[in-house]
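Survey of secondary and tertiary structure
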Amino acid sequence: MERLQKVIAHAGIASRRKAEDMITSGKVKVNGKMITELGTRVTPSDVIEVEGIKIERENKVYFLLYKPTGVISAVSDDKNRKVVTDFLPYVDERIYPVGRLDYDTSGLLLLTNDGEFANLLTHPKYEVHKTYIARVKGLVSRESLRILEKGVKLEDGMTAPAKAKVVSADKAKNKTIVELTIHEGRNRQVRRMFDAIGHPVQKLKRERYAFLHLGGLNTGDSRELTPHEVKQLRALAESGTK
Ligand code: URA
């Protein structure tokens, strides 16, 4: 049993506050009967109408995708480029990505139709840690790693403390592979952090998202999260544990 205003909000029709207004102003029917009481609880089989339109109630589903490069983190694209949901054609529910990876970035991306879960994981206050493997131009010094870890000044402010280590360095090819773990999710943050220390990113992959990793997946593969993983992610975000 769920509260009526919560079900309406989850269906993406209105915020919970707005849904409450809709209920009290007589715009909502449950099984054909107008309901104006805010405490009303409904079951998954109850038919809910908002302003005469029946709302769709989907099961909540959660997936992990190994996003390839050259794909937009969206459900549609006006330029007809590939989008992440093209890689999960077997999913009937209307899923969308939790946050985003750049067009040129590959790696672990979550997709769900659970708006509350997506908001929780991307909320700046709760953001979970994410680990990226970056191939960058030049040989990265210890001093530069320390700057990445302490905080880099970007145009939208200092970055929060991070963890950085060199995986390998190739003097002849003048490039370094760096593992960087951050728990913020600003736009193009990893690329901008490396730009700020003078080592532009040539290749970027998200290897881990909280305790999830790409495991045995190949690029373009996806899998459903287990109920336990979903529970753990929610608990992690809610506890504010980074
Ligand atoms: N940081 C970036 O710069 N790009 C991404 O896709 C993710 C994090």
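Residues numbered from 1 in each chain as written. Predicted model: local features only at pLDDT ≥ 70, side-chain atom pairs only at ≥ 80, totals over all residues. Heavy atoms only, no water.

Let us look at the packing of aromatic side chains. Overall, the coordinates contain 2 aromatic pairs when judged by the stated rule. Taking 4.9 Å as the distance between ring centres and 75° as the angle between the ring planes, the aromatic pair formed by Tyr-62 and Phe-117 counts as edge-to-face. Of this pair, Tyr-62 sits in strand S7 (residues 62-67) while Phe-117 sits in helix H3 (residues 115-122), and the two are 55 residues apart along the sequence. What makes Tyr-62 buried here is its relative accessible area of 11%. Using a relative accessible area of 2% as the deciding quantity, one classes Phe-117 as buried. Centre to centre, the rings of Phe-63 and Tyr-90 are 5.9 Å apart; their planes meet at 75°, and the pair counts as edge-to-face. Here Tyr-90 lies in the loop between S7 and strand S8 (96-97) and Phe-63 lies in strand S7, a separation of 27 residues in the sequence. Across the ring face of Tyr-103, the terminal group of Arg-81 is positioned such that the distance to the ring centre comes to 5.6 Å. (Phe/Tyr/Trp six-rings, centres within 6.5 Å; stacked < 30°, edge-to-face > 60°. Helix = DSSP H or I, 4+ residues; strand = E, 2+ residues; numbered from the N terminus. Buried < 20%, exposed > 50% of the residue type's maximum accessible area, 1.4 Å probe, protein only. Lys NZ or Arg CZ within 6 Å of the ring centre and 35° of its normal.)

With that settled, consider the domain arrangement of the protein. With domains assigned, the protein is organised as domain 1 (2-54), domain 2 (62-123 + 215-239) and domain 3 (130-209). The distance between the C-alpha centroids of domain 1 and domain 3 comes to 47 Å. (Domains from an automatic or database assignment.)

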